[in-house]
Amino acid sequence: MTISTRGAGKAPAVLVLEDGRSFRGRAYGAVGETFGEAVFSTGMTGYQETLTDPSYHRQVVVMTAPHVGNTGVNDEDPESARIWVSGYVVRDPARVPSNWRSRRTLDQELAQQGVVGISGIDTRALTRHLRERGAMRVGIFSGNAVQDEGVLLAKVRQAPEMSGADLAAEVATEEAYVVPAVGTKKFTVAAIDLGIKGMTPHRMAERGIEVHVLPATATLEDVYAVEPDGVFFSNGPGDPSTADHPVSVMRGVLERKTPLFGICFGNQILGRSLGFGTYKLKYGHRGINQPVQDRTTGKVEVTAHNHGFAVDAPLDKVSDTEFGRAEVSHVCLNDQVVEGLQLLDQPAFSVQYHPEAAAGPHDAAYLFDRFVTLMEGQRA
């Protein structure tokens, strides 16, 4: 990847999809070239949280909202220490941010972190194309990286695909760390970092949980060395079919019947641990406005999503697994994709979306309380 941070707003740029369709615009952020999987996010706000979500590693994010960057960039909202998206696509970037917390423009932040983007293209047409054809490989080229489109297309088609990608260890912490409980400590949780967002352990800490965040490579012995009352598996990037080590660790947790909670990638890990398959969605769910029904209560929640893979589990029956009966607890109302699993004979459940609400609605915050209830029940 060749990167320059100078002249970003003036340089010509072109976006090239692997099926040959292209869009011309202007550089946004760094100037150079970048590659990834083209996906679209339907959120109208929360772009800082999106950019810094490790689950977006190796993806080029297309914002469906036409006007992006209005509130600039602050130092409080990032969900990790860096931007993880491979590239960024917007239609009309804000010329001047307006927010009392803003410290710099989004364009400046992207350039500073070396993220190549493009602006001034028809993102509605691009989104409709991805909805019709599916998520696919893409390249963004700006400045001196712009060449004949045939040459650029060949480069895009040489980029790695998301199917078969094992990425969790690339974004996870290398060293364990502790997020202390807020107020009185009630429980200890071992959290396996597969690409965890900063707000997730904070939500648990708010409920009196001391969270020990462990690397993706943590063993079952590492998990139980912290004497956990519960175990958590986080969100993360890549193809869940490659995640054999996290599946092995989760199966060990299930064998010990320790209360278990997983979100996003963690939901797919639970699905695999129970013997279900996973598959790649055509274009995935990304944004902060996805309707999901909690089938245990009938309640419909507006939820935050970022996933391109899903669990293949039956919606219409309870399944017998090695660890007892399991059922689909949550389902997406747009397309009936599995959005949650729960075991009926031991304390374990997961959801495919992001209940920490960063960014996003707070409809699903009760899931952290449900985890606390499981740990209380096990202790009693």
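The model shown is predicted, which means the values in this text are computed figures rather than measured ones.

**Student:** What am I meant to see in a positive patch on the surface here?
**Tutor:** Taken together, the side chains of R91, R124, R128, R131 and K282 define a basic patch exposed on the protein surface. Tallying contributions element by element places helix 3 (residues 123–133) first for the positive patch, with three residues. Overall, the relative accessible area of 47% leaves K282 in the partly exposed class.

**Student:** Help me out: how do you make sense of the domain arrangement of the chain in this one?
**Tutor:** When the parts of a complex come together, some accessible area is lost, and that lost area is often used as the size of the interface. For the chain, the domain assignment lists domain 1 (12–158) and domain 2 (168–379). Computed from C-alpha coordinates alone, the two centres of domain 1 and domain 2 are separated by 28 Å. Each partner contributes to the interface: domain 1 provides 23 residues, whereas domain 2 provides 23 residues. For the domain 1 and domain 2 pair, buried surface summed over both sides reaches about 1900 Å², with 48% attributable to carbon and sulfur atoms.

**Student:** Just to check I follow, could you spell out unusual backbone geometry for this structure?
**Tutor:** Most peptide bonds adopt trans geometry, and most residues besides glycine take a negative phi value. Residue A359 is reached from A358 by a cis peptide bond, and omega for that bond is -10 degrees. Along the chain, the position of A359 falls in the loop between strand 21 (348–351) and helix 10 (366–379). With a phi close to 70 degrees, R58 is a non-glycine residue in the positive phi region. Position of R58 relative to the elements: it lies in the loop between helix 1 (47–51) and strand 5 (59–63). Phi at Q336 takes a positive value of approximately 65 degrees, unusual for a residue other than glycine. For Q336, the position within the fold is in the loop between strand 19 (324–332) and strand 20 (338–343).

**Student:** Sorry, what's going on with helix 3 here?
**Tutor:** The periodicity of an α-helix, 3.6 residues per turn, causes residues three or four positions apart to be oriented the same way. Listed in full, the buried residues belonging to helix 3 are T123, L126, T127, H129 and L130. End-on, the buried residues of helix 3 take up no more than an arc of 160 degrees, which puts them together on one face. Exposed and oriented more than 90 degrees from the buried face of helix 3 are R124, R128 and E132. Sitting at the head of helix 3, D122 places a side-chain oxygen 3.2 Å from the backbone nitrogen of R124. Phi turns positive one or two residues past the end of helix 3, at G134, with a value near 100 degrees.

The rules behind these values
- Residues numbered from 1 in each chain as written.
- Predicted model: local features only at pLDDT ≥ 70, side-chain atom pairs only at ≥ 80, totals over all residues.
- Heavy atoms only, no water.
- Patch = residues over 30% accessible without salt bridge, like charges linked within 9 Å, V, L, I, M, F, W, Y side chains within 5 Å.
- Areas by Shrake-Rupley, 256 points an atom, 1.4 Å probe, with all protein chains shown as cover.
- Salt bridge = Lys/Arg side-chain N within 4 Å of Asp/Glu carboxyl O.
- Lys, Arg positive; Asp, Glu negative; His and termini not counted.
- Charge placed at Lys NZ, Arg CZ, Asp CG, Glu CD.
- Helix = DSSP H or I, 4+ residues; strand = E, 2+ residues; numbered from the N terminus.
- Buried < 20%, exposed > 50% of the residue type's maximum accessible area, 1.4 Å probe, protein only.
- Domains from an automatic or database assignment.
- Contact = heavy atoms within 4.5 Å.
- Buried area = accessible area lost by both parts, 1.4 Å probe.
- Arc of directions from axis to C-beta.
- Polar contact = N/O pair within 3.5 Å; in protein donor to acceptor, adjacent residues only side chain to side chain.

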